[in-house]
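A closer look at the structure
This is what each chain is made of:
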Amino acid sequence: GARDASSGSSFSDIASGYSTISFYYVRRGFTPFDTSSLGANATISSATWSIPIGTLFDDINDSNSWINIYASTQASNTALVNNDYDNIGSTAFATQIDLTGMSGTVTWTLNATGIAAINKTGYTLIAAREGHDVNNSSPAASNANSGIRPTFASATLDVTYTLSSGFLGLFI
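Residues numbered from 1 in each chain as written. Predicted model: local features only at pLDDT ≥ 70, side-chain atom pairs only at ≥ 80, totals over all residues. Heavy atoms only, no water.

Concerning the environment of Pro150
Along the polypeptide, Pro150 turns up in strand β9 (residues 144–150). A relative accessible area of 7% means that Pro150 is categorised as buried. In this structure, the C-alpha to C-alpha distance between Pro150 and Thr105, residues 45 residues apart in sequence, is 8.9 Å. (Helix = DSSP H or I, 4+ residues; strand = E, 2+ residues; numbered from the N terminus. Buried < 20%, exposed > 50% of the residue type's maximum accessible area, 1.4 Å probe, protein only.)

Below is the structure:
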């Protein structure tokens, strides 16, 4: 399959592919956000995850050529190690977005699962995966890629929320 490794090395892509020297590769993106300023009394109504796309490569261009976001369970909120590669969930936080025509900044709207995963008193860990990775589908073509090279440092998590007053009324 396309993703049999349990650890990885450093890359700046979210991609899958098959190289000219006969090996498959999968690259995943990790974006931690400090969301502790929301506070425990926040009620989140919606959220989006956005990332600027620097380069798009879609040589494969099949039904698995898309990106979506998932939970990350990386060991540290502020650093990655090679073994974090496999610390990524399989339940989608949004609707997948096809690579075709992706440019500029791309935004995913979080679903109920994604919203529930926002940590109101700590870090929210979001990771991105390409479709061949998610479906464990090997790319059919040699020397072909499917993915994006985003600007991870410019990724954003925009959260719409309200604060409850925390007032407890006593009626006698």
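There's plenty left to go through after this.
Description of the sheet that holds strand β8 (residues 123–130)
Ordered in space as β3-β8-β5-β6, the four strands form an open sheet in which the pairing is antiparallel. In this open sheet, the two edge strands, each paired with only one partner strand, are β3 (29–34) and β6 (97–98). In the sheet, β3 pairs with β8 via six bridges, with the strands oriented antiparallel. Looking across to β8, one finds that Pro32 is bridged to Leu125. (Pairing = 2+ DSSP bridges.)

Topic: the nonpolar core
Nonpolar side chains tend to gather and get buried jointly when the protein is soluble and globular. With 25 residues, the main nonpolar core has Trp49, Ile69, Met102, Trp108 and Leu110 as its most contacted residues. For this core, the secondary-structure elements that each account for two or more residues are β4 (42–58), β5 (66–71), β7 (105–109), β8 and β10 (156–163). Per-element accounting of this core gives the leading share, six residues, to β4. Sequence-distant contacts of Trp49, defined by excluding residues within four places in its chain, comprise Thr31, Phe33, Ile69, Val106, Thr107, Trp108, Leu110, Ile126, Ala128, Ala155 and Thr156. (Core = buried A, V, L, I, M, F, W, Y, C linked by side-chain atoms within 4.5 Å. Contact = heavy atoms within 4.5 Å.)

Observations concerning the environment of Thr48
Position of Thr48 relative to the elements: it lies in strand β4. On the basis of relative accessibility, which here comes to 21%, the residue Thr48 falls in the partly exposed class. Once residues within four sequence positions are removed from consideration, Thr48 is found in contact with Thr107, Trp108, Thr109, Leu110, Thr156, Leu157 and Asp158.

Digging into the pairing of β7
Burial along β7 is one-sided: the face carrying Val106 and Trp108 is buried and the face carrying Thr105, Thr107 and Thr109 is not. As paired elements, β4 and β7 share five bridges and run antiparallel to each other. Following the sheet pairing, Ile51 is matched in β7 by Val106.

Things to note about the packing of aromatic side chains
Each aromatic ring pair is characterised by the separation of its centres together with the angle its planes make. Taken as a whole, this structure holds one aromatic pair when the rule is applied. Seen from the ring of Tyr70, Arg129 lies directly overhead, with NZ or CZ sitting 5.5 Å from the centre. (Phe/Tyr/Trp six-rings, centres within 6.5 Å; stacked < 30°, edge-to-face > 60°. Lys NZ or Arg CZ within 6 Å of the ring centre and 35° of its normal.)

Quick look at the pattern of salt bridges
In total, this model carries three salt bridges according to the counting rule given. In this structure, Arg28 engages Asp86 in a salt bridge whose closest nitrogen and oxygen atoms are separated by 3.6 Å. One end of the pair, Arg28, is in the loop between β2 (24–27) and β3; the other, Asp86, is in the loop between β5 and β6, and 58 residues separate them in sequence. Among the residues examined, Arg28 registers a relative accessible area of 8% and is labelled buried. One salt-bridge network, in which partners are shared between bridges, spans Arg28, Asp86, Arg129 and Asp133. (Salt bridge = Lys/Arg side-chain N within 4 Å of Asp/Glu carboxyl O.)

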